[in-house]
Amino acid sequence: MPDRPTQILEAAARLIARRGVRGLRVEEVATEAGVSTALIYYHFKDRAGLLRRTLEFISRRAVRYTDPALDTAPDHDPRAQLTELLLLELQDTPRVRENSAAWGELRATAVFDPDLREQLATATREWVDDLAHLVRQAEAAGQTGAGVDARAAAERLTALVEGLSERWLSDSLPLDRAHELLRGAVGLELGRP
């Protein structure tokens, strides 16, 4: 059984994924988590603190289901790792669906919340940095076309994943088509070696 703060963060992520951030109330999170509101305030200070920590929680949880791509690609092939890492962001599992929906809701809220905006920008930069590193490794391995700007490619690919995720979650794009588009984008971004 998870510890109390984790239990609360799981409940917050579920509620944000189901109903968004705008109407999220601490009392609802407490009910969903099976804890008192006082315990939430004790651990997170206020609603803003709960949202910030939920964003951190979602980011860490995503790493847990995407990191295996770094170990499963044949011979640690950086291009295959990059592709798999991106595809794992679009899985039809409850955890990934919940994470993706909550991430999208928190991203939309960050437009109006400077504290959350800064934290989201940091998390996005870290994601881009990780992918840019793989692009540079693919280039060093001769797996890209000439002159690939690793950072720009990583920025475009992460933005595409977020957009595809939104369309997939809203049933305006089938998951297999989202995967196909993402594979094509990797090919276009990295070029043909």
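What counts and what doesn't
- Residues numbered from 1 in each chain as written.
- Predicted model: local features only at pLDDT ≥ 70, side-chain atom pairs only at ≥ 80, totals over all residues.
- Heavy atoms only, no water.
- Core = buried A, V, L, I, M, F, W, Y, C linked by side-chain atoms within 4.5 Å.
- Buried < 20%, exposed > 50% of the residue type's maximum accessible area, 1.4 Å probe, protein only.
- Helix = DSSP H or I, 4+ residues; strand = E, 2+ residues; numbered from the N terminus.
- Contact = heavy atoms within 4.5 Å.
- Patch = residues over 30% accessible without salt bridge, like charges linked within 9 Å, V, L, I, M, F, W, Y side chains within 5 Å.
- Areas by Shrake-Rupley, 256 points an atom, 1.4 Å probe, with all protein chains shown as cover.
- Salt bridge = Lys/Arg side-chain N within 4 Å of Asp/Glu carboxyl O.
- Lys, Arg positive; Asp, Glu negative; His and termini not counted.
- Charge placed at Lys NZ, Arg CZ, Asp CG, Glu CD.
- Expected span 1.5 Å × (residues − 1).
- Axes fitted to C-alpha atoms, helices over the stretch in contact; angles between N-to-C directions.
- Parallel < 35°, antiparallel > 145°, perpendicular 65-115°, else oblique.
- Nonpolar A, V, L, I, M, F, W, Y, C, P; charged D, E, K, R; others polar.

Asks: Before we move on, could you go through the nonpolar core and cite the residues and values that matter?
Replies: Counting 28 residues, the largest nonpolar core has Ile 8, Ile 16, Val 29, Ile 40, Leu 50, Ile 58 and Leu 106 as the members making the most contacts within it. Those elements that place two or more of their residues in this core are helix H1 (4-19), helix H2 (26-33), helix H3 (37-44), helix H4 (47-66), helix H7 (94-110) and helix H8 (114-140). Of the residues forming this core, the biggest block, seven residues, is contributed by H1. Aside from chain neighbours lying at most four places away, what touches Ile 58 is Ala 13, Asn 99, Ala 102, Trp 103 and Leu 106.

Asks: With reference to specific residues and values, describe a positive patch on the surface.
Replies: Together, Arg 53, Arg 60, Arg 64 and Arg 95 make up a region of like positive charge exposed at the surface. Mapped onto the elements, Arg 53 comes out in helix H4.

Asks: Kindly report on H1, identifying the contributing residues and their values.
Replies: Relative to the 22 Å expected for 16 residues at 1.5 Å per residue, H1 spans 22 Å between its end C-alpha atoms, a close match to the ideal helical length. Where H1 is concerned, the buried positions are Pro 5, Gln 7, Ile 8, Leu 9, Ala 11, Ala 12, Ala 13, Leu 15 and Ile 16. Along its buried surface, H1 packs onto H2, H3, H4 and H7. Remark: Gly 20 follows H1 within two positions and exhibits a positive phi of approximately 90°.

Asks: Before we move on, can you summarise the packing of H2 against H3 with the specific residues and values?
Replies: Packing of H2 against H3 brings their axes to within 8 Å, and their N-to-C directions diverge by 105°. What the angle tells us is that H2 and H3 run roughly perpendicular. Mapping the contact onto sequence places Val 26, Glu 27, Val 29 and Ala 30 in H2 and Thr 37, Ile 40 and Tyr 41 in H3. For the contact of H2 with H3, the residue count by class is five nonpolar, one polar and one charged.

Asks: Any details on H4? Residues and values, ideally.
Replies: Over its 20 residues, H4 extends 29 Å from the first C-alpha to the last, a length consistent with the 28 Å expected when each residue adds 1.5 Å. Those residues of H4 not exposed but buried are Gly 49, Leu 50, Leu 51, Thr 54, Leu 55, Phe 57, Ile 58, Arg 61, Ala 62, Tyr 65 and Thr 66.

Asks: Run through unusual backbone geometry, naming residues and quoting values.
Replies: Phi angles above zero are rare outside glycine, and Lys 45 is one such case at about 70°. When you line up the elements, Lys 45 lands in the loop between H3 and H4.

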